[in-house]
Amino acid sequence: YNLSDVIDIIALAKQIHITPELRGLYIVSAVDVLRGRWAKKHKSSYIFEKNSFKKYSGDIKIHILEYLEENFDISKKYLDLVGKKIPELNRPAFRDQLKEMIYSIDANLTEEDADTFGHNRNLLVHEASFASDEDLKELMSIFYFMDSLVLAILNYHGRYVDARTGSFASIRPYQPQTHPKP
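All values reported here derive from a predicted model rather than from experimental measurement. (Residues numbered from 1 in each chain as written. Predicted model: local features only at pLDDT ≥ 70, side-chain atom pairs only at ≥ 80, totals over all residues. Heavy atoms only, no water.)

**Considerations on the overall build of the chain**
Thought 1: The secondary structure content of the chain amounts to seven helices and two strands.
Thought 2: In the chain, the order of α-helices and β-strands from amino to carboxyl end is α-α-α-α-α-α-α-β-β.
Thought 3: Over its C-alpha trace the chain gives a radius of gyration of 21 Å, far above what one expects of a compact globule, namely 16 Å for 182 residues.
Thought 4: In terms of principal-axis extent, the alpha carbons of the chain reach across some 75 × 45 × 25 Å.
Thought 5: Across the chain, every contact between residues at least 6 apart in sequence was considered, and the portion connecting residues at least 24 apart equals 59%. (Helix = DSSP H or I, 4+ residues; strand = E, 2+ residues; numbered from the N terminus. Rg over C-alpha atoms; globule rule 2.2 N^0.38 Å. Contact = heavy atoms within 4.5 Å.)

Structure below.
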């Protein structure tokens, strides 16, 4: 996963004194990098084989745009914008892929954690805001999410500082192997 650059971004986001939204954007971008690397490694960046989908995307585009034109009051400008999004139909939804990654790496995160993170990520990327007015709480939740991913990728067992509470917590407690004495 080449974690060194991701860990650098985490450290920067935790130390830098800029708005919580920008700090959060650093982290959600780093999560996107991890998700992308995981997807590439597991050949799950696309729903269908890329060239196969590309072959039919023109037909798909025609049908979707015709349907929209017939059923909605939509300008040519917006039809063109929709048409540009057709290739994205071949990509899994961000949250679905994130949940698959969480399961695959055995991260100490729930589907609800992924949904909350995904909601905050979308708001930060598209509206420069968090899901609630409690910016610091939302930011710490994002830090916790990223920390959990990195610890799972490293297959870490033991104590860590939970960014949401600032207190120690345990992840997959370390269970040393006991060997019988000779």
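**Quick notes on the packing of aromatic side chains**
Thought 1: Taken as a whole and judged by the stated rule, the model has three aromatic pairs.
Thought 2: When the centroid spacing of 6.2 Å and the interplanar angle of 5 degrees are considered together, the rings of Phe48 and Phe53 count as stacked.
Thought 3: Ring pairing ties together the aromatic residues Phe94, Phe117 and Phe145, which thus form one cluster.
Thought 4: Stacked on the ring of Phe143, the Lys or Arg Lys14 has its end atom at 5.5 Å from the ring centre.
Thought 5: The ring of Phe94 has Arg121 sitting right over it, with the charged end atom 4.0 Å from the ring centre. (Phe/Tyr/Trp six-rings, centres within 6.5 Å; stacked < 30°, edge-to-face > 60°. Lys NZ or Arg CZ within 6 Å of the ring centre and 35° of its normal.)

**Focus: the layout of surface pockets**
Thought 1: Here the largest pocket defines a volume of roughly 410 Å³.
Thought 2: Elements supplying a minimum of two residues to the lining of the largest pocket: helix H2 (20-41), helix H5 (94-105) and helix H6 (111-127).
Thought 3: Broken down by element, the lining of the largest pocket gets its largest block of residues, five residues, from H2.
Thought 4: When grouped by side-chain class, the residues that make up the lining of the largest pocket number four nonpolar, four polar and seven charged. (1 Å grid on protein atoms, 1.4 Å probe; cavity = no way out; pocket = protein on both sides within 12 Å on 5 of 7 lines; lining within 4 Å. Points joined across faces, edges and corners; volume = space filled by probe spheres on them. Nonpolar A, V, L, I, M, F, W, Y, C, P; charged D, E, K, R; others polar.)

**Description of the environment of Asp80**
Thought 1: With respect to the helices, strands and loops of the structure, Asp80 is situated in helix H4 (residues 76-84).
Thought 2: C-alpha separation for the pair Asp80 and Leu65, spaced 15 residues apart in sequence, amounts to 8.6 Å.

**Here we look at the pattern of salt bridges**
Thought 1: For the structure on display, the rule yields nine salt bridges.
Thought 2: Salt-bridge contacts for Asp147 lead to Lys14; the nearest nitrogen and oxygen are separated by 3.0 Å. With a gap of 133 residues between them, Asp147 in helix H7 (residues 135-153) and Lys14 in helix H1 (residues 3-15) connect regions that are remote in the sequence.
Thought 3: Given a relative accessible area of 14%, Asp147 falls into the buried group.
Thought 4: Classification of Lys14 by relative accessible area gives partly exposed; the value is 36%.
Thought 5: Here Arg91 ties to Glu88 by a salt bridge, and the two come within 3.6 Å at their closest N and O atoms.
Thought 6: Given a relative accessible area of 37%, Arg91 falls into the partly exposed group.
Thought 7: One salt-bridge network, in which partners are shared between bridges, spans Asp32, Arg35 and Arg121. (Salt bridge = Lys/Arg side-chain N within 4 Å of Asp/Glu carboxyl O. Buried < 20%, exposed > 50% of the residue type's maximum accessible area, 1.4 Å probe, protein only.)

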